[in-house]
Amino acid sequence: MSTETFETIRFTADVVVTTTDGHVLLIERGWDPHKGAWALPGGHVDPGETSREAAARELAEEAGVYAAPGELTQVGTFDRPDRDPRGRYITVAYHLTVLPGTIVEAGDDATRAEWWPLAALPPLAFDHADILRAVTASAS
């Protein structure tokens, strides 16, 4: 007789937005975990929503950047068990390239939204540095 243990798994979507001149959009988190840390825009996938739709919605809510879901290119799935201190979170990451000068405005649970040079990034929350590396490696 086996005893099965089921793990609660949460589903999220993240977006790497880069400019054609080598910058990436980061938000400063307004909530724990990692309150005050820099991160990629993203969040929970709502009921009835695809991860791509959630990524486009979160990008608009957190950074004021509007993109149709179809404009986002899937980067991959990130599911390392320890990637989030709240428990098991699986995220699908997407990429969007925009023109330099695209205006960003923090909203929702972001306290700031800013463009950072890819060559001079702050430490990133969660495994967002790994997600960003996946995008920049595929662009090389």
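Everything numeric here is computed off the predicted structure, so don't read it as measured data.

A. Examining the side chain of His-95 more closely. Looking at where His-95 falls in the secondary structure, it is placed in strand β6 (residues 88-98). Overall, His-95 belongs to the buried group, its relative accessible area being 19%. Here Thr-18 takes part through its side chain, which lies 2.7 Å from a polar atom of the side chain of His-95.

B. A look at the environment of Gly-30. Of note, Gly-30 is situated in the loop between β2 (23-29) and β3 (38-39). The class for Gly-30 is buried, based on a relative accessible area of 16%. C-alpha of Gly-30 to C-alpha of Ala-110: the two residues are 80 residues apart in sequence and 5.1 Å apart in space.

C. Examining the pattern of salt bridges more closely. What the rule picks out here adds up to 13 salt bridges. Of the charged contacts in the structure, one is a salt bridge between Glu-7 and Arg-88, with a shortest N-O distance of 3.2 Å. Taken together, the positions of Glu-7 in the segment before β1 (9-19) and Arg-88 in strand β6 put the pair 81 residues apart, joining distant regions of the chain. We classify Arg-88 as buried; its relative accessible area is 16%. The partner of Asp-14 in a salt bridge is Arg-83, and the shortest N-O contact between them spans 3.8 Å. A residue pair is termed long-range when its members are at least 10 positions apart, and Asp-14 in strand β1 and Arg-83 in the loop between β5 (73-78) and β6 qualify at 69 residues. Salt bridges here are not isolated pairs; linked through shared partners, they connect Asp-46, Glu-49, Arg-57, Glu-58 and Glu-61.

D. The arrangement of the nonpolar core in detail. Grouped together as the largest cluster of nonpolar side chains are 21 residues, with contacts concentrated most on Val-17, Leu-25, Leu-59, Ala-63, Val-65, Leu-72 and Leu-96. Elements supplying a minimum of two residues to this core: β1, β2, α1 (51-63), β6 and β7 (110-117). Examining the composition of this core, we find that 5 residues originate from one element, α1, more than from any other. For Val-65, the contacting residues outside a window of four places in its chain are Leu-25, Leu-59, Ala-60, Leu-96, Thr-102, Ile-103 and Val-104. Core analysis: the second largest hydrophobic core is formed by 12 residues, Trp-38, Leu-40, Trp-116 and Leu-124 among them.

Conventions used here
- Residues numbered from 1 in each chain as written.
- Predicted model: local features only at pLDDT ≥ 70, side-chain atom pairs only at ≥ 80, totals over all residues.
- Heavy atoms only, no water.
- Helix = DSSP H or I, 4+ residues; strand = E, 2+ residues; numbered from the N terminus.
- Buried < 20%, exposed > 50% of the residue type's maximum accessible area, 1.4 Å probe, protein only.
- Polar contact = N/O pair within 3.5 Å; in protein donor to acceptor, adjacent residues only side chain to side chain.
- Salt bridge = Lys/Arg side-chain N within 4 Å of Asp/Glu carboxyl O.
- Core = buried A, V, L, I, M, F, W, Y, C linked by side-chain atoms within 4.5 Å.
- Contact = heavy atoms within 4.5 Å.

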